[in-house]
Amino acid sequence: MARRTPLFAVHERAGARMVEFGGWDMPLQYGSVLAEHHAVRRSAGVFDVSHMCIVDLDGAGVRALLRKIFANDVSKFTTPGKALYGCLLNAHGGVIDDLIVYYRNEQSFRAVVNAATRAKDLEWIGRHAASFGVTVVERSDLAMIAVQGPEARARVAARLDARGAERALALSAFCGADIDGWFVARTGYTGEDGFEVMLPADQVQSLWQDLVAAGVVPCGLGARDTLRLEAGLNLYGSDMDEHTSPLEAGLAWTVALKSDQAFIGREALEAQRARGIERKLVGLVLQERGVLRAHQRVIAPDHGEGEVTSGTFSPTLNRSIAFARVPAGADGAVQVQVRERLLDARIVKPPFVRHGKSCID
Amino acid sequence: MSKVPSDLKYTRTHEWLRTLPDGSVEVGITDHAQHALGDLVFVEVPEAGRTVAQGEPFAVVESVKAASDVYAPVSGEVIAGNPALAGAPETLNTDPYGAGWLARLRVHTAPGALLSAAEYGRLTTEETD
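Because the structure is predicted, anything quoted here is derived from the model rather than measured.

**Some points on the overall build of chain B**
Helix and strand counts for chain B stand at three helices and nine strands. Counted from the first residue to the last, chain B has its helices and strands arranged as β-β-β-α-β-β-β-β-β-α-β-α. Whereas a compact globule of 129 residues would reach a radius of gyration of roughly 14 Å, chain B reaches 13 Å, a difference of no more than 12%. Relative to its 129 residues, chain B shows a buried fraction of 43%.

Structure below.
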């Protein structure tokens, strides 16, 4: 049976449509996906992301461990609270998972990894942690919610005392802090400002209910997917996996190839870069009516074929958008096979939407 | 509880059929179907002149999450697809039995095995339970 988060009863009472996702029973939508999407772009929405796996890495050797298993530049962790997005790579440069790592202090970092990859991630991290004297503790005692949207930070700050609110509102983008027993981070997966809050499981129901009472809209996985795609953010398992390198997944910016960090997968990525990548991940905007969906065939004139990896209707742009993996030379106009028809689409550089505004001409 | 108007006929695949005064029929998807699909963002209706067989996929409705086929509840020739749905697919959510009609057809052969409102109502109640 699928696992349940500490908010399961709250979702059921709210009449959410539940689906299994990554081994968890999660809300797909509470009512209208479009309304939930727009709430995040225009005011504030709250997501239960307690299915995600929070892992604390503690010990004197933790920075050295991260230099080995985390493909982003660990020397960017200069100030406690700093968060970095990056990948765990295998020796072939394939993506084991994508994750956010938070620098709490020199002895203690926190990673948040995907639910569906939890077991293999814990095994991989644990296998390497031992030789660095680092303990790996899954924090299943914590729940996690994401409060996202232009009004999100103010709504969360109102749930903290004056000193805590001041500290939370002072956080820079992609930074977090321990505040009154909660870990509050200015991170998210929507392209909007907001906080992700990790807190003891027995406190999450009252925080959720207080936020909803203050007008924050409960949002499910349906809106989470349309928001992340508009924001140009990859979904593990759809846009990249162990057979895709970050260079083929639009994630070159997360890879520490400019530093001397000897992370696992580095040699494979250097070799791939030297010979040139054959495929790349691009954004697509559909020029006609219709909806792009994963696995549709993409035809790039003079360059060959590719495939949509994630596609949806963009509620903000009122047209369909997608990620597609295409031959490296492809650019400009392409066609996508939707059922029996070939529809015109255009390659664009993600994101499609940031802070409620279109990034597409 | 979804609406099931008593003057329409229904299919097990959640289409409805209304016989018009001139003997042609209007078809669409039920309130139960639109609710299960969620916000509809794209609708592909059949072109006039196309001949369809009962049970054949003849329209496509797409929600944010997925594309679903709509099956012809009768065999016949398409007189018109609803042109208003291209610019306003949400009409299927707000008025599935009225402005959200998908197509009008000239019936070739009398349809077999359609459900009454009472029968369709029981079917959807069983599905929900």
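**Details of the sheet that holds strand β10 (residues 176-179) of chain A**
The pairing of strands in a sheet happens through backbone hydrogen bonds and is either parallel or antiparallel. All names here are of chain A. Read from one edge to the other, the open sheet built from six strands follows the order β10-β11-β12-β9-β3-β13, with strand pairing classed as mixed. Pairing within the sheet leaves two strands with one partner each, and these edge strands are β10 and β13 (217-219). With direction set aside, neighbouring strand axes in the sheet form an average angle of 25°. Where strand β11 (residues 182-185) meets strand β12 (residues 194-200), three bridges bridge the pair, whose relative direction is antiparallel.

**Quick word on the confidence of the model for chain B**
Parts of the prediction with low pLDDT should not have their coordinates interpreted in detail. The share of residues in chain B with pLDDT of 70 or more is 98%, and the mean pLDDT across the chain is 94. Across the interfaces of the predicted complex, the ipTM metric reaches 0.91, alongside a pTM of 0.96.

**Considering the interface of chain A and chain B**
Contacts between the two partners involve twelve residues from chain A, matched on the other side by nine residues from chain B. Elements with a minimum of two residues in the side of chain A that touches chain B: α2 (33-42), α8 (221-230) and β16 (304-314) of chain A. Its residues placed into classes, the side of chain A that touches chain B shows four nonpolar, six polar and two charged.

**Details of the nonpolar core**
All names here are of chain A. Within the largest apolar cluster, 133 residues are counted, with the highest numbers of intra-cluster contacts made by Leu57, Val101, Met144, Ile145, Val147, Val197 and Leu284. Ranked by residue count, the leading element in this core is strand β6 (residues 95-105), at seven residues. For this core, the two domains that each supply at least three residues are domain 1 (8-47 + 145-230) and domain 2 (278-358). If we ignore the near neighbours within four places in the chain, the residues touching valine 147 are Ala44, Val46, Ala152, Arg155, Val156, Gly194, Phe195, Val197, Leu211 and Val216.

Conventions we followed
Residues numbered from 1 in each chain as written. Chains lettered and ligands numbered in written order. Predicted model: local features only at pLDDT ≥ 70, side-chain atom pairs only at ≥ 80, totals over all residues. Helix = DSSP H or I, 4+ residues; strand = E, 2+ residues; numbered from the N terminus. Rg over C-alpha atoms; globule rule 2.2 N^0.38 Å. Buried ≥ 20, exposed ≤ 12 C-beta atoms within 10 Å, placed from the backbone. Pairing = 2+ DSSP bridges. Axes fitted to C-alpha atoms, helices over the stretch in contact; angles between N-to-C directions. pLDDT = per-residue confidence, 0-100. Contact = placed C-beta atoms within 7 Å. Nonpolar A, V, L, I, M, F, W, Y, C, P; charged D, E, K, R; others polar. Core = buried A, V, L, I, M, F, W, Y, C linked by C-beta atoms within 7 Å. Domains from an automatic or database assignment.

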